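Spelled out, the chains give:
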Amino acid sequence: MEKKAKKFVKEIPAPGTEVTGSEALILALMAEGTDTMFGYPGGAIMPVYDALFDYRDRLHHVLVRHEQGAAHAAESYAKILGKTGVVMVTSGPGATNLITGLANAMIDSVPIVAFSGQVPSGLLGTDAFQETDVMGITMPVTKWNYQITKAEEIPEIVAQAFYIASTGRPGPVMIDITKDAQFGKLKWHYEKCTKIRSYFPYPKVDKEKVEEAAHLINKSKKPLLIAGQGVLISNATDELMELVTRADIPVTTTLLGISSFPGDHPLYVGMPGMHGNMAPNIKTNECDLLIAVGMRFDDRITGKLDEYAPQAKIIHIEIDQAEIDKNVKTDVAIVADAKEALGELLTMVKENDHKEWVESFAREFEHEYDHVIKPAREAKGDDIKMDEVVHMISEKTKGEAVVVTDVGQHQMVVARNYRFRKARSFVTSGGLGTMGFGLPAGVGAKVASPDRTVIAFTGDGGFQMTIQELGTIAQHKLPLKMVLLNNSFLGMVRQWQDMFFDKRYSFTEMANPAFTTVAEGYGIPGQRVEKREDLEKAVDEMLASEGAYLLEVKVMKEQNVYPMVPSGASVSNMVTK
């Protein structure tokens, strides 16, 4: 029997058909391959939402509860799928509520295109109702922004926005559209943007630099490779795997680089940096060659700069020229897309064996395991520790879930204890450290991964910053699993107060609501666990549940996350208790 073609609410108009600016915007989004967007309507963007009504069966809209949530959801969606996220909001407070999300996407190199409505062009600069200077406000936290005042500008500007957001070092783009541009008419025509004058997103690989790098790799006795998010952005996981297995190079991943390399691989040595593993931190200051791929030598990675790998030659593969030599002086810089650069290296790098060097990492890990990891995972006494919760969930999901975190102690515990086996499986806020990121990011991750288990880990502080997104989860029937590690503190701030401010806990203790009761108000089931003997059964029930589920675990109130490199200290100077 012949299958009937799907009947849509409205067919896409032929080129040359007269349409409104609002309809042109929706058509442009679909022409760019957008099938999902996150947003919140209002007066200045209402014409676009009216046009969206006719295409709602082609372009899925997720109604969030706060515009910041829309930005974080779009970021997470973009990271999981490797495509550009789309956000739609109204003018004034709708646009200003996006700022945190735009800043987060900017520093974490996430491609999103955000659209805001604006007052009619004739009222610009008059302080009209819900008018703000969106261009001025968003310029520092976007890769590009533009204000559309005429309907005929829409197709070209949208095409440029998607091109700029997704190419080179990705980032957020903000497009502000006046209301008269939304109502105006134009002849529909669309061409994707493939180049912009003076914008060169993909630098040409310098073959001589690649040869220099290959020479250093081939003669190195103690190499160490740091994989950053650039490996994921450029889809270079296969090239990374081939390079390190051929040359027998230990791999450490930055916080945002987690899941770019399998956590159970023999060459994986953990995460470096402030709350990283001891082995990669100590060995950073022992290696003779440090290869950095798609990362920016953030201060949380390097610690004290003049004591960071002073003995090592440094190769830096990075698409953004501005990051080269910004923090760490390199010996060989390859300014290029990670996939292309690694591909060129593979033609020159020889097979090697660094057995003794690789085994030395295992000895450091054993020390950390015995003194830090095992005591936390196999905790005794009445208090449940965060580590044992995360480790249990990692084991039960076989490291194959999509994991989202908020920001704080639990974030570091997840990064250290969950063993990721699949690429693009970890979403967190890195450079900006945005509390409140977890819940809306969980929304975006679940929309992007309907067939995978998605778990959002949060703390009680961050959870309450965007708790309203429980409404989004409920309305859209998203089977998101939420694990709330509740210590009734702003845990990371409290840890610093404990370690560096004589335990003067200034305004960090939290008086919390009955979280499961709040979730039940949205129709989301859950349970609270206070005793260790109840934990495993509760985790099993959460993972077996068909819909959304909130598992609140009352964890040790004053647990500190170790090891830790104190701020301003050398990465090899780690505190373990």
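A. Summary view of the environment of Lys 329. The residue Lys 329 is located in the loop between strand E12 (313-318) and strand E13 (332-335) in this model. Overall, Lys 329 belongs to the exposed group, its relative accessible area being 64%. Separated by 134 residues in sequence, Lys 329 and Lys 195 have C-alpha atoms that sit 32 Å apart.

B. Spatial organisation of the pattern of salt bridges. Tallied over the full model, the rule gives 22 salt bridges. Between Arg 421 and Asp 264 there is a salt bridge; the shortest N-O distance is 2.8 Å. On the criterion of sequence distance, the pair formed by Arg 421 in the loop between helix H17 (409-417) and strand E15 (426-427) and Asp 264 in the loop between strand E10 (251-253) and helix H12 (278-284) is long-range, its members being 157 residues apart. Relative accessible area serves as the criterion here: at 37%, Arg 421 is assigned to the partly exposed category. Classification of Asp 264 as partly exposed rests on a relative accessible area of 43%. Across the pair Asp 325 and Lys 329 runs a salt bridge, and its minimum N-O distance is 3.7 Å. Since its relative accessible area comes to 36%, Asp 325 is described here as partly exposed. Each of Arg 169, Asp 320, Glu 323 and Lys 326 takes part in salt bridges that share partners, so that together they form one network.

C. Main features of unusual backbone geometry. In this structure, the amide linkage connecting Tyr 562 to the following residue, Pro 563, adopts the cis form with an omega of -5°. Turning to its location among the elements, Pro 563 is positioned in the segment after strand E19 (549-554). Notably, Lys 398 is not glycine yet its phi reads approximately 60°, a positive angle. Of note, Lys 398 is situated in the loop between helix H16 (386-396) and strand E14 (402-405). Residue Lys 398 is classed as exposed on the basis of its relative accessible area, which comes to 54%.

D. Examining the sheet that holds strand E17 (residues 481-486) more closely. Read across the sheet, six strands follow the order E15-E14-E16-E17-E19-E18 without closing on themselves; strand pairing throughout is parallel. Single-partner strands in this sheet number two, and they are E15 and strand E18 (526-529). With four bridges connecting them, E14 and strand E16 (residues 454-459) associate as parallel partners. Of the residues in E16, the one forming a bridge with Val 403 is Ile 455. The sheet contacts of helix H18 (residues 438-448) involve E14, E16 and E17, and relative to E16 the element is tilted by about 175°.

E. Region of interest: H16. With eight of its 11 residues buried, H16 lies for the most part within the structure. Looking one or two places after H16, you find Lys 398, whose phi comes out positive at around 60°.

F. Representation of the nonpolar core within the structure. Core analysis: the largest hydrophobic core is formed by 49 residues, its most contacted members being Phe 38, Leu 98, Val 443, Phe 463, Leu 470, Ile 473 and Met 482. By residue number, the principal contributor to this core is helix H3 (residues 67-81), which donates seven residues. Not counting chain neighbours up to four residues away, the residues in contact with Phe 463 comprise Asp 406, Leu 439, Thr 458, Leu 470, Leu 484, Phe 515 and Leu 550. By size, the runner-up hydrophobic cluster in this structure holds 39 residues, among which are Met 30, Ala 51, Leu 59 and Ile 148.

G. Molecular detail of the packing of aromatic side chains. Evaluated as defined, the whole model comprises 12 aromatic pairs. Between Phe 38 and Tyr 77 the ring centres are 5.7 Å apart and the planes differ by 70°, which places this aromatic pair in the edge-to-face class. Placement of the pair is Phe 38 in strand E2 (residues 36-39) and Tyr 77 in helix H3, with a sequence separation of 39 residues. For the residue pair Phe 38 and Tyr 77, the accessibility class agrees, reading buried in each case. Ring plane angle 55° and centroid distance 5.1 Å describe the contact between Phe 420 and Phe 426, whose orientation is recorded as tilted. Using a relative accessible area of 4% as the deciding quantity, one classes Phe 420 as buried. Through a chain of ring-to-ring contacts, three or more aromatic side chains come together here, namely Tyr 418, Phe 420 and Phe 426. The positively charged end of Arg 56 is found above the aromatic ring belonging to Phe 53, 3.9 Å away from the centroid. Seen from the ring of Phe 489, Arg 494 lies directly overhead, with NZ or CZ sitting 5.8 Å from the centre.

What counts, and at which threshold
- Residues numbered from 1 in each chain as written.
- Predicted model: local features only at pLDDT ≥ 70, side-chain atom pairs only at ≥ 80, totals over all residues.
- Heavy atoms only, no water.
- Helix = DSSP H or I, 4+ residues; strand = E, 2+ residues; numbered from the N terminus.
- Buried < 20%, exposed > 50% of the residue type's maximum accessible area, 1.4 Å probe, protein only.
- Salt bridge = Lys/Arg side-chain N within 4 Å of Asp/Glu carboxyl O.
- Pairing = 2+ DSSP bridges.
- Contact = heavy atoms within 4.5 Å.
- Axes fitted to C-alpha atoms, helices over the stretch in contact; angles between N-to-C directions.
- Core = buried A, V, L, I, M, F, W, Y, C linked by side-chain atoms within 4.5 Å.
- Phe/Tyr/Trp six-rings, centres within 6.5 Å; stacked < 30°, edge-to-face > 60°.
- Lys NZ or Arg CZ within 6 Å of the ring centre and 35° of its normal.

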